[in-house]
Amino acid sequence: MHKKTLLELSQTLRKREISSVELTRYFLSRIERYDSQLNSFITITPELALQQAQLADDSYKAGTADLLTGIPLAHKDIFCTLGVKTSCGSKMLDNFIAPYNATVVEKCQAAGMVMLGKTNMDEFAMGSSNETSYYGAVKNPWDTAAVPGGSSGGSAAAVAAGIAPIATGTDTGGSIRQPAALCGLTGLKPTYGTVSRYGMIAFASSLDQGGPIAKTAEDAALLLNVMTGFDQRDSTSLDRPTEDYTAHLQRDIKGLKIGLPKEYFGEGLDHEVAKVLEAAIKELEQAGASLHEIHLPNTHLAVPVYYIIAPAECSSNLSRYDGVRFGYRCENPKDLIDMYKRSRGEAFGAEVKRRIMIGTYALSAGYYDAYYLKAQQLRRLISNDFQQAFQQVDVILGPTSPSVAFNLGEKANDPVTMYLSDIYTIATNLAGIPALSIPAGFVNQRPVGLQLLGNYFSEARLLNIAHQYQQRTDWHQQKPQGFA
Ligand code: GLN
């Protein structure tokens, strides 16, 4: 069952070969059996899951079931879930039971999907390795000495090990695509504004976007169909007609123009990863695509610009955690200021504190123009690079991550090296364009991710290319050993 795609699971349910309650029990027992090796869940919700599964079975009986009804999924613990702990990977929210559902959660529930639980993540989604979580690091199913990537590392590890059929993630600078790459999965960050941020705990509001982490492009398209849509409760949600992201999966890719940015294949990219990508590029060429060298001249600015904008926005967003209304409060505060200081000092981890301090500094009077304003101007240049490129090519192809999964602890004490591991993913968030990562091979038995970037609203096209690639290759069907 855990090897089946969403469509296969859907057919199995529809034919009543299995009930949703049975399917849910199956995945719950896999979580019980394997998650102690991975630490991919913060909260498991068996009772709620079985209730939702029962409702799904009822709707099959009544003939009202949708395509994904009865299929279990896991939500990143950044999405608020009514009555269920929503920690965002932080001690700050360790006691927080969300009083409402995020729009994404609501939509999955309305589609009849069954929530297995909430997945582990870097604290407030700040990290690339899942090592900043208050609940401990997540391990990569391909090699438990390696990180699964971050910040949606719990979602990625759970799907890769087949303990959840699919999961949600969020991506502020790569947090869907990089863990998908490091765990051999398909992960998509949609165009900014496509997936509602209502109830998705804010990190950097102008960059954050939810999306699917899946085994295949087809699965990702199916969950994206459920996740997207205009939401009045999110002021940056885009009011446009909904799309069927599976509609173009079968199209061939003859005549597709793929841009290869010189800046994405130079220094810094692991040699072996580059070789794997070369083979994948050849495969796409054989499928009828043409290759074009392009330039994204401001690529080198993406990491520095992001590390002004994201901390600036997070310092503002995280000011709400003050010990007053919800979340952690220190013991016996002397006065209000003492409460603020100790509550925040005791409950935030080192990476979160580092970002709040950088962001507060960058936004302070006297420095605002030099840092934040400057970063916003450079952000425009980065965005313009993409617009120029999309006049010449349909999509851009590059690595997702400069290397395969690194070992736990390897970069944990070196924030700058850690930040550089997002060098290929960050620019898309700054520009707001969609991008996805698909598995393209292995280096030392660790998966390599290939990234495709498209212009605004090109998700269906990106998924089409990814699906066509997956029709011709079987990297996405490889499974880590030890989770049979
Ligand atoms: N790794 C990046 C960071 O630490 C991106 C995280 C994300 O996309 N949430 O900020």
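Residues numbered from 1 in each chain as written. Predicted model: local features only at pLDDT ≥ 70, side-chain atom pairs only at ≥ 80, totals over all residues. Heavy atoms only, no water.

Draft legend 1. Focus on unusual backbone geometry. Note the cis peptide between G150 and S151, where omega equals 5°. If you trace the backbone, S151 turns up in the loop between strand 3 (114-119) and helix 5 (153-160). The phi dihedral of R16 falls on the positive side, at around 60°, and the residue is not glycine. In this fold, R16 is placed in the loop between helix 1 (6-14) and helix 2 (20-38). Although it is not a glycine, F457 adopts a positive phi angle of roughly 65°. Locating F457 in the fold gives a position in the loop between strand 11 (446-454) and helix 15 (459-472). By relative accessible area, F457 is classed as partly exposed at 32%. (Helix = DSSP H or I, 4+ residues; strand = E, 2+ residues; numbered from the N terminus. Buried < 20%, exposed > 50% of the residue type's maximum accessible area, 1.4 Å probe, protein only.)

Draft legend 2. Here's a closer look at the packing of aromatic side chains. Summed over the entire model, instances satisfying the criterion amount to 19 aromatic pairs. Taken together, a centroid distance of 3.8 Å and an interplanar angle of 10° make the contact between Y307 and Y419 stacked. A residue pair is termed long-range when its members are at least 10 positions apart, and Y307 in helix 9 (residues 302-317) and Y419 in helix 13 (residues 415-420) qualify at 112 residues. In terms of burial, Y307 and Y419 fall into one category: buried. Here the guanidinium or amino end of R240 rests over the ring plane of F457, the centre of that ring lying 3.7 Å away. Over the face of the ring belonging to F406 we find K411, whose NZ or CZ atom lies 4.3 Å from the ring centre. (Phe/Tyr/Trp six-rings, centres within 6.5 Å; stacked < 30°, edge-to-face > 60°. Lys NZ or Arg CZ within 6 Å of the ring centre and 35° of its normal.)

Draft legend 3. The arrangement of the site of the ligand in detail. The full set close to the ligand counts 15 residues, and G173, S175, Y306, R355 and D422 are the nearest of them. At 2.8 Å from a nitrogen atom of the ligand is found a main-chain nitrogen or oxygen belonging to A125. Here an oxygen atom of the ligand and a side-chain polar atom of S175 are 2.7 Å apart. In the complex, the protein chains occlude 100% of the 290 Å² of accessible area that the ligand would expose alone. Tallied by class, residues from the shell around the ligand come to five nonpolar, seven polar and three charged. (Near = heavy atom within 4 Å. Polar contact = N/O pair within 3.5 Å; in protein donor to acceptor, adjacent residues only side chain to side chain. Areas by Shrake-Rupley, 256 points an atom, 1.4 Å probe, with all protein chains shown as cover. Nonpolar A, V, L, I, M, F, W, Y, C, P; charged D, E, K, R; others polar.)

Draft legend 4. Quick peek at the pattern of salt bridges. Tallying each qualifying case throughout the model produces 17 salt bridges. Here K118 and D77 are joined by a salt bridge, their closest N and O atoms 2.8 Å apart. Taken together, the residues span a long stretch of sequence, with K118 in strand 3 and D77 in the loop between strand 2 (72-76) and helix 4 (103-110) at a distance of 41 residues. D77 carries the same exposure label as K118, and that label is buried. For D322, the salt bridge identified is with R325, shortest N-O distance 3.3 Å. (Salt bridge = Lys/Arg side-chain N within 4 Å of Asp/Glu carboxyl O.)

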